[in-house]
Amino acid sequence: MATQNPSATTDRPEISDLPDRTEAALMEVMSVLDDIGLARGAPDLYLVVSSSGATYLVDTLEETCECPDDEHREVTCKHRRRVAFVTGERPIPGWVKRRKLDDGFGEHVDSEVRFSATDGGVAQARFDDGELTDPEDDPFAVHSDDEDRTKRAKREDMDISFLEKPGRYEVHSASGSVYEADVLAESCSCPDIAERCKHLRRVDIEIRDGLVPRPDGRLPDAN
Ligand SMILES: [Zn+2]
Ligand SMILES: [Zn+2]
């Protein structure tokens, strides 16, 4: 279960205002499995294991679930809703508190959960070891209005290490190239002639996130 925060009564609609099945789809403990058992090799099929241990087969193409709620009522059951949220087919409303989501949200699925942003855009969330990170807190979350170079800076596999002070970092790119980025001079040894290449952007993000030492060489936690 997601952790409840007693101070979470706020400006925005509380999650309990949502229709019950949507609320259940977001908060109940469920696992969505996309390539196992009956769902193996079938991109439209998902197995949803509920907290009671019951397993239901969801077919996103036929829009069906085997559970009694879905079979006997004219509704979209919580299992189908959960699959839609977990696969990113349906964005999670932007004001839903991330910490209220089921802790296992998005585990087991090659997941591209989306949140509706309050500005109407859609932000991509990412998972760390199955834990959903709030895109607003996550410096690596890609936003729809990010510039292309910023998107690449966030998405690409780069390895940054501090080279020497002040502000020089070594960037190992996914392609195997090594560049030297100087965040104070705002220069980089890569061929990109843009004002700020993706390497400089990435180093900035990692400094802010405390993943590499700051330009003066101090460790992130030091003052
Ligand atoms: Zn169902
Ligand atoms: Zn560069």
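Just so it is clear, the model here is predicted, and its values are computed rather than measured.

> Describe the sheet that holds strand β11 (residues 178-182), listing the residues and the values that go with them.
Strand order in the open sheet formed by four strands is β9-β10-β11-β12, with antiparallel pairing between adjacent strands. The open sheet terminates on both sides in strands that have one partner only, identified here as β9 (159-164) and β12 (187-188). One ladder, built from five bridges, connects strand β10 (residues 168-172) with β11; its direction is antiparallel. Looking at β11, one finds that H172 is bridged to V178.

> Any details on unusual backbone geometry? Residues and values, ideally.
Trans peptide bonds make up the majority, and among non-glycine residues the majority have a negative phi. Here the residue pair K165 and P166 is connected by a cis peptide bond, since its omega of -5 degrees sits within 30 degrees of zero. Among the structural elements, P166 can be located in the loop between β9 and β10. A positive phi angle, close to 60 degrees, is found at E63, a residue other than glycine. Backbone geometry places E186, a non-glycine residue, at a positive phi of 55 degrees.

> Can you tell me about helix α1 (residues 20-27), naming the residues and giving the values?
Among all positions in α1, only T22, A24, A25, L26 and M27 are buried. The inward-facing, buried residues of α1 contact β1 (30-33) and α3 (78-86).

> Can you lay out the coordination of the zinc ion (ligand 1) for me, pointing to particular residues and giving the numbers?
Note on the zinc ion (ligand 1): its protein donors are C65 (SG), C67 (SG), C77 (SG) and H79 (ND1). The metal-donor distances range over 2.1 to 2.3 Å. For the zinc ion (ligand 1), the four donor atoms in the first shell make angles of 105 to 112 degrees at the metal, so the coordination geometry reads as tetrahedral.

> Account for the packing of aromatic side chains, with residues named and values stated.
This structure, assessed with the given rule, holds one aromatic pair. Taking the centre distance of 5.2 Å and the plane angle of 75 degrees together, the rings of F162 and Y169 count as edge-to-face. Judged by relative accessible area, which is 25%, F162 ranks as partly exposed.

> Now, about the nonpolar core: what can you tell me, with residues and values included?
The biggest cluster of nonpolar side chains holds 22 residues, and the ones touching the most others in it are L26, V32, I92, L101 and F105. Counting residues per element, the ones that place at least two in this core are α1, β1, β2 (45-50), β3 (55-59) and α3. Within the second largest apolar cluster, 13 residues are counted, among which are M158, V171, C197 and I207.

> Describe the sheet that holds β2, with residues and values.
Reading across the sheet, the four strands line up as β1-β2-β3-β4 and stay open at both edges, with antiparallel pairing between neighbours. The open sheet has two edge strands with one neighbour each: β1 and β4 (64-65). Here β3 runs beside β4; their pairing, made up of two bridges, is antiparallel. Considered in β4, the bridge of V58 is made with C65.

> I'd like a rundown of the UniProt feature "domain: SWIM-type" (unreviewed entry) in the protein chain, residues and numbers included.
In this structure's numbering, the residues bearing the UniProt feature "domain: SWIM-type" (unreviewed entry) are residues 56-88 and 179-208. Note that residues 56-88 is 42% helix and 18% strand, and that its end C-alpha atoms are spaced 20 Å apart. Its end C-alpha atoms 20 Å apart, residues 179-208 is made of 37% helix and 20% strand.

> Hey, could you go over the coordination of the zinc ion (ligand 2) for me, with residue numbers and the actual values?
Distances from the zinc ion (ligand 2) to its protein donors, C188 (SG), C190 (SG), C197 (SG) and H199 (ND1), fall within 2.0 to 2.3 Å. Metal-centred angles of 106 to 114 degrees between the four donor atoms at the zinc ion (ligand 2) mark the site as tetrahedral. Along the chain, the residues donating to the zinc ion (ligand 2) fall in the pattern C-x1-C-x6-C-x1-H. There is no split in this pair, since C190 and C197 are both buried.

What counts as what
Residues numbered from 1 in each chain as written. Chains lettered and ligands numbered in written order. Predicted model: local features only at pLDDT ≥ 70, side-chain atom pairs only at ≥ 80, totals over all residues. Heavy atoms only, no water. Pairing = 2+ DSSP bridges. Helix = DSSP H or I, 4+ residues; strand = E, 2+ residues; numbered from the N terminus. Buried < 20%, exposed > 50% of the residue type's maximum accessible area, 1.4 Å probe, protein only. Contact = heavy atoms within 4.5 Å. Donors = N, O, S within 2.8 Å, 3.2 Å for Na, K, Ca; no water. Tetrahedral: all angles 85-135°; square planar, octahedral: opposite > 155°, others 65-115°. Phe/Tyr/Trp six-rings, centres within 6.5 Å; stacked < 30°, edge-to-face > 60°. Core = buried A, V, L, I, M, F, W, Y, C linked by side-chain atoms within 4.5 Å. UniProt positions renumbered as here; feature names shortened; annotations may be inferred.

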